[in-house]
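Chain and residue survey
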Amino acid sequence: MSPRFVVSGTDTGIGKTIFSAALTHALQAYYWKPVQSGLDEETDSEVVARLGGAYRASILPEAYRLKMPASPHLSARLENVTIDPERLIPPETDGPLVIEGAGGLLVPLTDKLLFADIFARWRIPLILCARTSLGTINHTLLSLEALRQRAIPVHGVVFIGDENRENQRIIADIGGVRSLGRMPHLPEMSAKTLHQTFAQQFDRADFLEVPA
């Protein structure tokens with residue numbers, strides 16, 4: 001059985017798509033973004049294809065593509081679309097799968113449905129991306145509480161940004177979670193530098209585990 005992971009974050013714009021691209025490449029995985037909000041600029045699937053060095057066939061089509069770069073519930077409402085959770089079923093693949101959420105865990109898909117509710121249905125191990133900067137302790141520990149309240153398995157935390165050993169230590173200790181590594185800010189963002197950085201900062205074996 002190949003590993004499958006959900007990649008989510010403590011907030012929007014923290015770098016989870018960049019990490020997803022690196023992980024997709026490292027595992028030679030399929031990538032799936034269930035709901036994409038915002039189509040005017042490069043989509044997350046396109047970023048992963050470009051930076052992850054992924055073949056187009058391994059980038060699976062989104063269940064929903066919404067034009068407005070806003071919370072999915074609002075984008076869908078303005079386009080007269082109702083997001084149906086029955087369409088948000090992880091695809092079957094013949095290899096590893098990386099699934100990326102949108103924004104943070106409690107981003108609404110409808111007026112009554114959160115992304116975390118979908119993750120709770122799936123029970124797929126989740127990798128939480130967190131900043132290293134000021135404020136990350138509170139945001140990350142709250143996110144871990146939300147995950148555990150819903151019995152969503154947590155594979156570990158990935159830190160993104162400049163090294164902050166104390167923040168990283170206290171989150172791992174109080175949160176009772178494994179620190180998988182840190183993705184620093186890259187002055188030159190290219191597929192080559194991203195893959196090299198992942199190899200230096202992370203142990204690929206940590207992502208090959210398949211929970212029983």
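Residues numbered from 1 in each chain as written. Predicted model: local features only at pLDDT ≥ 70, side-chain atom pairs only at ≥ 80, totals over all residues. Heavy atoms only, no water.

Test applied: UniProt positions are given in the numbering used here, feature names are shortened, and annotations may be inferred rather than shown by experiment.
The chain has the name ATP-dependent dethiobiotin synthetase BioD in an unreviewed UniProt entry, where Rhizobium oryzihabitans is given as its organism. Its UniProt record gives the chain the following Cofactor (unreviewed entry) comment, quoted word for word: "Mg(2+)". Regarding the chain, the UniProt comment filed under Function (unreviewed entry) reads as follows: "Catalyzes a mechanistically unusual reaction, the ATP-dependent insertion of CO2 between the N7 and N8 nitrogen atoms of 7,8-diaminopelargonic acid (DAPA, also called 7,8-diammoniononanoate) to form a ureido ring."

**Some remarks on the sheet that holds strand β8 (residues 154-160)**
Strand pairing in a sheet is mediated by backbone hydrogen bonds. Such pairs are either parallel or antiparallel. Worth spelling out the cut-off: DSSP bridges decide pairing: two strands pair if at least two such bridges lie between them. Secondary structure follows DSSP: runs of H or I at least 4 residues long count as helices, runs of E at least 2 residues long count as strands, and numbering of each begins at the N terminus. Every residue pair with non-hydrogen atoms within 4.5 Å of one another is taken to be in contact. Angles here are taken between N-to-C directions and fall from 0 to 180 degrees, while the axes themselves are lines fitted to C-alpha atoms, restricted in helices to the stretch in contact.
If you walk across this open sheet you meet the seven strands as β4-β2-β6-β1-β7-β8-β9, and the pairing is parallel. The sheet is open, and its two borders are formed by β4 (59-60) and β9 (179-183), each paired with just one other strand. Across five bridges, strand β1 (residues 4-9) lies against strand β6 (residues 97-104) in parallel orientation. Pairing of Phe-5 across the sheet is with Val-98, part of β6. Running at roughly 155° to β6, helix α4 (residues 115-122) makes contact with β1, β2 (30-32), β6 and β7 (126-131) of the sheet.

**Focus on helix α7 (residues 191-201)**
Note that an α-helix has 3.6 residues per turn; residues three or four places apart therefore point the same way. Here is the rule we go by: Each residue is placed in one exposure class: buried if its accessible area under a 1.4 Å probe, protein chains only, is under 20% of its type's maximum, exposed if it is over 50%, and partly exposed if it falls in between.
Among the residues of α7, Thr-193, Leu-194, His-195, Thr-197 and Phe-198 are the ones counted as buried. In this structure, the buried residues of α7 make contact with α1 (16-27), α2 (44-51) and β9.

**Comments concerning the UniProt feature "binding site: substrate" (unreviewed entry) in the chain**
The line we're drawing: Pairs of N or O atoms are called polar contacts if they sit within 3.5 Å, as long as, within protein, a hydrogen donor faces a hydrogen acceptor (for residues adjacent in sequence, only side-chain-to-side-chain pairs).
UniProt records the feature "binding site: substrate" (unreviewed entry) at Ser-37, using the numbering of this structure. One can find Ser-37 in strand β3 (residues 35-37). Discounting chain neighbours no more than four positions away, the residues touching Ser-37 are Leu-66, Met-68, Pro-69, Ala-70, Ser-71, Pro-72 and Ser-75. In this structure the side chain of Ser-37 is engaged in a polar contact, spanning 3.4 Å, whose partner is the backbone oxygen of Ala-70.

**Topic: the nonpolar core**
Under the convention used in this document: In plain words, nonpolar cores are sets of buried Ala, Val, Leu, Ile, Met, Phe, Trp, Tyr and Cys residues tied together by side-chain atoms within 4.5 Å.
Counting 36 residues, the largest nonpolar core has Val-35, Ile-83, Leu-88, Leu-109, Phe-119, Trp-122 and Leu-126 as the members making the most contacts within it. Mapped by element, the contributors of at least two residues to this core are β5 (64-66), β6, α4, β7, α5 (136-149), β8 and α6 (165-175). When residues of this core are assigned to their parent elements, the largest contribution, six residues, is made by α4. Apart from residues no more than four positions distant in its own chain, Leu-126 is found in contact with Val-6, Ser-8, Leu-105, Phe-119, Leu-147, Ile-152, Pro-153, Val-154, His-155 and Gly-156.

**What to know about the environment of Val-48**
Among the structural elements, Val-48 can be located in helix α2. Using a relative accessible area of 0% as the deciding quantity, one classes Val-48 as buried. Along the primary structure Val-48 and Thr-24 are separated by 24 residues, whereas in three dimensions their C-alpha atoms are 7.7 Å apart.

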